[in-house]
Amino acid sequence: MKMRILVIHGPNLNMLGKREPEIYGSSTLDDVNARLGKEAKELGAKVEFFQSNSEGEIAGRLQAAMDSTDGILMNPGAYTHTSVAIRDAILSTGLPVVEAHMSNIYKREDFRQKSYVSGVALGVISGFGAESYSLGLRGLVDYLKGKAGS
Ligand code: CA2
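Being a predicted model, the structure only gives us computed values, none of them experimental. In this numbering scheme, every chain counts its residues from 1 along its sequence in written order. Only residues with pLDDT of at least 70 are given local features in this predicted model, and only at 80 or more are side-chain atom pairs given and counted; all residues enter the totals for whole chains, interfaces and linings. Water and hydrogen atoms play no part in the side-chain values, which are based on all heavy atoms of the structure.

A.B. asks: Describe in detail the pattern of salt bridges, supporting the description with residues and values.
C.D. replies: In a structure, side chains of opposite charge can pair up when their charged atoms sit close to one another. Any carboxyl oxygen of Asp or Glu that lies within 4 Å of a side-chain nitrogen of Lys or Arg is treated as forming a salt bridge with it. Inspection of every chain in the model, using the stated rule, returns eight salt bridges. Among the salt bridges present, the one from R112 reaches E109, with a minimum N-O distance of 2.7 Å. Note on classification: 1.4 Å probe, protein chains only; a residue is buried when its accessible area is under 20% of the maximum for its type, exposed when over 50%, partly exposed between these limits. Assessed through its relative accessible area of 34%, E109 is described here as partly exposed. The residue R138 makes a salt bridge to D142 at a minimum N-O spacing of 3.5 Å. Taken as a pair, R138 and D142 lie in helix α5 (residues 131–149) at a separation of four residues, close to a single helical turn. Among the ionic contacts, a cluster of salt bridges with common partners joins R35, E39 and E131. Runs of E in the DSSP output that reach at least two residues are strands. Runs of H or I that reach at least four are helices, and both are numbered from the N terminus.

Written as structure tokens, this is what we have:
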């Protein structure tokens with residue numbers, strides 16, 4: 001069976017390509033998802049996408065993923081820096097999660113330099129624009145292929 005990957009985009013990422021292109025680039029969320037869909041196909045994986053501005057909805061989607069997903073690629077947006085609830089929901093899934101950020105959060109304001117997610121993530125990619133998602137997908141799929149073969 002094909003590997004099943006869930007991509008979660010956190011708050012305000014629906015605005016991608018429409019505001020602040022100097023920080024987040026000019027690709028829209030649909031562009032990013034279309035590219036990930038194509039790359040996933042090449043890697044032999046199936047992707048599903050979810051975006052929400054609500055912490056509770058994201059926690060709920062993580063919980064629902066438990067039995068229907070092999071791994072999660074996630075940009076938690078601003079909740080990265082605030083949400084114990086999302087961290088706990090990730091832990092409750094028991095699934096590998098790759099945390100991706102378009103900007104390099106360690107080059108920005110102090111309040112962005114703490115991530116509640118990194119400590120429970122398989123790995124973190126930050127600073128490569130929309131490419132961060134592609135790199136994260138590659139890392140996640142490679143990890144899952146290694147696990148399936150071991
Ligand atoms: O660098 C990233 O990917 C972030 O996760 C993006 C979040 C930010 O709060 C994190 O610190 C770093 C913000 C996402 C909002 O994205 C927008 C995109 C276009 C226009 C407005 C917001």
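Structure shown, so let's carry the discussion forward.
A.B. asks: Tell me about the site of the ligand, residues and numbers included.
C.D. replies: Definition of nearness: a residue and a molecule or strand are near each other if at least one heavy atom of the residue lies within 4 Å of the molecule or strand. As a matter of local geometry, the ligand sits amid 17 residues, with N75, H81, M102, S103 and R112 nearest to it. One of the side-chain N or O atoms of N75 is found 2.8 Å from an oxygen atom in the ligand. Between the ligand and R112, the relevant distance is 2.8 Å, taken from an oxygen atom to a side-chain nitrogen or oxygen of the residue. Using a 1.4 Å probe, accessible areas were evaluated by the Shrake-Rupley method; residue-level cover was limited to the displayed protein chains. Relative to its free-state accessible area of 500 Å², the ligand is covered by the protein chains to the extent of 94%. When residues are grouped by polarity, Ala, Val, Leu, Ile, Met, Phe, Trp, Tyr, Cys and Pro land in nonpolar, Asp, Glu, Lys and Arg in charged, and all others, Gly among them, in polar. For the shell around the ligand, the residue count by class is eight nonpolar, six polar and three charged. Here a polar contact is taken to be a pair of N or O atoms separated by no more than 3.5 Å, where protein atoms must pair a possible hydrogen donor with a possible acceptor and residues adjacent in sequence count only if both atoms sit in side chains.

A.B. asks: Would you mind going over the packing of aromatic side chains in detail, with residue names and values included?
C.D. replies: Here is the rule: rings of Phe, Tyr and Trp (six-membered ring for Trp) pair when centre to centre is within 6.5 Å. Planes less than 30 degrees apart are stacked, more than 60 are edge-to-face, and the remainder are tilted. If you walk through the whole model with that rule in mind, you get zero aromatic pairs. Only Lys NZ and Arg CZ are tested; either one counts as a charge over a ring when it is within 6 Å of the ring centre and within 35 degrees of the ring normal. A cation over a ring is seen here: K114 above Y116, with NZ or CZ 4.8 Å from the ring centre.

A.B. asks: How would you explain the sheet that holds strand β3 (residues 71–75) if you had to name every residue and give the values?
C.D. replies: Paired through backbone hydrogen bonds, the strands of a sheet run either parallel or antiparallel to each other. Read across the sheet, five strands follow the order β2-β1-β3-β4-β5 without closing on themselves; strand pairing throughout is parallel. Bordering the open sheet on either side are β2 (45–51) and β5 (123–126), each of which pairs with just one other strand. Going across the sheet, the axis of each strand differs from the next one's by a mean of 20°, ignoring polarity. If DSSP finds at least two bridges between two strands, the strands pair. Here strand β1 (residues 3–9) runs beside β3; their pairing, made up of five bridges, is parallel. Bridge assignment links V7 to a residue of β3, and that residue is L73. Every residue pair with non-hydrogen atoms within 4.5 Å of one another is taken to be in contact. Axis definition: a line fitted to C-alpha atoms, over the contacting stretch in the case of helices. Angles run 0 to 180 degrees between N-to-C directions. Relative to β2, helix α2 (residues 29–43) is tilted by about 160°, and along the sheet it contacts β1, β2 and β3.

Don't take any of this as a statement about function, it's just geometry.
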